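Summary of the model geometry
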Amino acid sequence: MGLFSFTQELAMDLGTANSVILNNTGKILWDEPSIVALDRKTDKMIALGAKAKLMDGKTTENIKTVRPLKDGVIADFNAAEQMIRGMIKVVNKNRGGLFAPSLRVVICIPSGSTEVEIRAVRDSAEHAGGRDVYMIFEPMAAALGIGLDVDAPDGNMIVDIGGGTTEIAVISLGGIVTNKSIKVAGDDFTSEIKDYMGRQHNMRVGDRTAEDIKIQVGSVVTELDDAPEDYIVHGPNKMTALPMDIPISYQEIAHCLEKSVAKIDQAILSALEDTPPELYRDIVRNGIYLTGGGALLRGLSRRLTDKIGIKFHVADDPLHMVAKGTAVALKNIGKFSFLMR
Ligand SMILES: Nc1ncnc2c1ncn2[C@@H]1O[C@H](COP(=O)(O)OP(=O)(O)O)[C@@H](O)[C@H]1O
Ligand SMILES: [Mg+2]
């Protein structure tokens, strides 16, 4: 805060699962699920982020919860606008400045966004007070976050496993050369685990419990050096509704996720097939970067390195990498031609 900082600068990652906002020094100001709770009648926002997520699955005839982004695109324009405005409002309030600052914001959007969607995001940010609004496509932001020299004549492949989609992009010379998106990502892993618990253990679990299992013992290989202990899951028997405690091992989860993860292996292979040979050579030399929350699955880089024969690296802090890269773009506005106004 302070009287002299008249321009507030924000970098915003609008993810399907989580939205993250950083300021221009890279400090995290907001990091919460991309979800809003709305009044069914008036469509007015009642809660945002973590608070709204708590209401998910418990809503009434008056309240609904909405995830404005789905499968890597804006699925609900009104909800997206309310979310963007709500986040900017909270971040500004927490800042406690005396003056409403003029706001510059760089927003990272899914690379599959259409003109109409880009327009909608820009409008929402402007309605929320953004004077100076820029957009950046997600794979570019991820690459900047990883610290790659994105303008160089050097090919890099980035695989971003988010909530709704896995995005596989090749970038070179400040542009996205190829981009492939499949609708298999974190949310699918969660729902596979949910189904598995019912089928294999007769236990009924909700999304939140299934996600906990994924985080505690999620793995994509059946042999780990630093294996997590079994995770005890509490829940009702599907038939009798009586409470049960069931220990779940990472090996079970590796089997349960196998089909979905195999689709990601395939998508990466097919993206490599479509990559021009000169860039392919660069990628083999540089390795392939994994980011997004799904990159935290145990054994992922090893599995892919073994299967594909190219070294895979997991980015540090994959849940914040795209937002960090967006903040790099914010700090270097004017330098990067791929920023869209
Ligand atoms: N430790 C973890 N292990 C496996 N998956 C995780 C872990 N932490 C978060 N996730 C998953 O990552 C996904 C969110 O990743 P994120 O990159 O924030 O997505 P998006 O960019 O689509 O918002 C969710 O499906 C979440 O369950
Ligand atoms: Mg993301």
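Residues numbered from 1 in each chain as written. Chains lettered and ligands numbered in written order. Predicted model: local features only at pLDDT ≥ 70, side-chain atom pairs only at ≥ 80, totals over all residues.

Comments concerning the overall build of the chain
To be explicit about the condition: Helical segments are the DSSP runs of H or I of at least four residues, strand segments are the runs of E of at least two, and each set is numbered from the N terminus. Every radius of gyration here is taken over C-alpha atoms, with the globule rule written as 2.2 Å times N^0.38, N being the number of residues. Buried, partly exposed and exposed are defined by the number of other C-beta atoms within 10 Å of a residue's own C-beta, namely 20 or more, between the two limits, and 12 or fewer respectively, with C-beta atoms placed from the backbone. The contact criterion used here is simple: two residues whose C-beta atoms, placed from the backbone, lie within 7 Å are in contact.
When its secondary structure is counted, the chain shows ten helices and 17 strands. For 341 residues, the compact-globule formula gives about 20 Å, and the C-alpha radius of gyration of the chain, at 21 Å, lands near that figure. Structurally, the chain occupies a C-alpha span of about 60 × 55 × 35 Å along its principal axes. Taking all 341 residues of the chain together, 45% fall into the buried category. Counted over contacts in the chain with a minimum sequence separation of 6, partners at least 24 positions apart contribute 64%.

Digging into helix 10 (residues 321-331)
Where burial is concerned, most of helix 10 is hidden: ten out of the eleven residues are buried. Among all positions in helix 10, only Met321, Val322, Ala323, Lys324, Gly325, Thr326, Ala327, Val328, Ala329 and Leu330 are buried. The inward-facing, buried residues of helix 10 contact strand 1 (7-14), strand 2 (18-23), strand 9 (102-109), strand 10 (130-137), helix 4 (138-146) and strand 16 (288-291).

Regarding the packing of helix 4 against helix 10
Heads up, the condition is: Under this scheme, a helix contributes an axis fitted over its contacting stretch, all axes are lines through C-alpha atoms, and angles between N-to-C directions fall in the 0 to 180 degree range. For classification, angles of less than 35 degrees are called roughly parallel, those exceeding 145 degrees roughly antiparallel, those between 65 and 115 degrees roughly perpendicular, and all remaining angles oblique. Each residue gets one of three labels, nonpolar for Ala, Val, Leu, Ile, Met, Phe, Trp, Tyr, Cys and Pro, charged for Asp, Glu, Lys and Arg, and polar for the others, Gly among them.
In contact at an axis separation of 7 Å, helix 4 and helix 10 are set at 85° when each is read in the N-to-C sense. On the basis of the axis angle, helix 4 is roughly perpendicular to helix 10. Note on element contacts: helix 10 touches helix 4 through Met321, Val322, Lys324, Gly325, Thr326, Val328 and Ala329, opposite Glu138, Ala141, Ala142, Ala143, Leu144, Gly145 and Ile146. Residue composition of the contact of helix 4 with helix 10, grouped by class: nine nonpolar, three polar and two charged.

Some words on the domain arrangement of the chain
To be explicit about the condition: The domain boundaries here were taken from an automatic or database domain assignment.
When its domains are assigned, the chain resolves into domain 1 (7-142 + 322-331), domain 2 (150-184 + 261-318) and domain 3 (186-256). Here domain 2 and domain 3 have C-alpha centroids that lie 27 Å from each other. Domain 2 puts 14 residues into the contact, and the matching count from domain 3 is nine residues. Considered class by class, the residues forming the side of domain 2 that touches domain 3 number five nonpolar, six polar and three charged.

Some remarks on the site of ligand 1
Basically, it comes down to this: Near, for a residue, is defined by distance from a backbone-placed C-beta atom to a molecule or strand, with 6 Å as the limit that must not be exceeded.
Around ligand 1, the surrounding shell holds 20 residues, and the nearest of these are Gly15, Ala17, Gly162, Gly186 and Gly293. Where the shell around ligand 1 is concerned, the elements lending two or more residues are helix 5 (186-201) and helix 6 (207-217). Along the lines of polarity and charge, the residues of the shell around ligand 1 split into five nonpolar, twelve polar and three charged.

As for the nonpolar core
What counts, and what does not: Core membership is restricted to buried Ala, Val, Leu, Ile, Met, Phe, Trp, Tyr and Cys residues, and these are joined into a nonpolar core through C-beta atoms within 7 Å.
Core analysis: the biggest nonpolar cluster contains 95 residues, and Ala11, Ile21, Val36, Ile107, Ile136, Val159 and Ile253 have the highest contact counts within it. Ranked by residues supplied to this core, first place goes to helix 7 (residues 250-273) with nine residues. Once you skip the residues sitting within four places of it in the chain, isoleucine 253 turns out to touch Ile193, Ile213, Val217, Gly218, Ser219 and Ile248.

Remarks on the sheet that holds strand 6 (residues 63-66)
Put simply, the rule reads: A pair of strands is considered paired only if DSSP assigns at least 2 bridges between the two.
Pairing in this open sheet of three strands is antiparallel, and the strands run 5-4-6 from one edge to the other. What marks the edges here is a single partner per strand, and that holds for strand 5 (45-48) and strand 6. Averaged over neighbouring strand pairs, the angle between their axes works out to 25° when direction is ignored. Here strand 4 (residues 36-39) pairs with strand 5 via three bridges, running antiparallel. Bridging across to strand 5, valine 36 finds its partner in leucine 48.

So, the sheet that holds strand 2
Judged by pairing direction, the sheet is mixed, and its five strands sit side by side in the order 3-2-1-9-10 without closing on themselves. Each having just a single partner strand, strand 3 (28-33) and strand 10 make up the two edges of the open sheet. If you compare each strand with its neighbour and ignore which way they point, the axes differ by 15° on average. Most of the contacts of helix 3 (residues 115-127) go to strand 10, to which it runs at about 150°, and overall it touches strand 9 and strand 10. Along the sheet, helix 4 makes contact with strand 9 and strand 10, crossing strand 10 at roughly 85°.

Focus: the packing of helix 5 against helix 7
Keep this limit in mind: Two helices cross in a left-handed way if the nearer one is turned anticlockwise from the farther one by less than a right angle. They cross in a right-handed way if the turn is clockwise.
At a minimum axis separation of 9 Å, helix 5 and helix 7 run at an interaxial angle of 125°. Judged by the inter-axis angle, helix 5 sits oblique to helix 7. When you trace helix 5 past helix 7, the crossing you get is right-handed. Across the interface between the two elements, Asp188, Phe189, Glu192, Ile193 and Tyr196 of helix 5 pack against Ile253, Cys256, Leu257 and Ser260 of helix 7. Of the residues contributing to the contact of helix 5 with helix 7, the split by class is six nonpolar, one polar and two charged.

Thoughts on unusual backbone geometry
The backbone of aspartate 43 shows a phi angle near 65°, a positive value even though the residue is not glycine. Counting through the fold element by element, aspartate 43 comes out in the loop between strand 4 and strand 5. With 12 C-beta atoms packed within 10 Å, aspartate 43 lands in the exposed category.

Some details on the pairing of strand 2
The buried count for strand 2 comes to five of six residues, which makes it a mostly enclosed element. Of the pairings in the sheet, the one linking strand 1 to strand 2 comprises five bridges and is antiparallel in character. By the bridge assignment for strand 2, leucine 14 is matched with serine 19. In terms of strand pairing, strand 2 meets strand 3 through five bridges, oriented antiparallel. Its bridge partner being in strand 3, serine 19 is matched across the sheet by glutamate 32.

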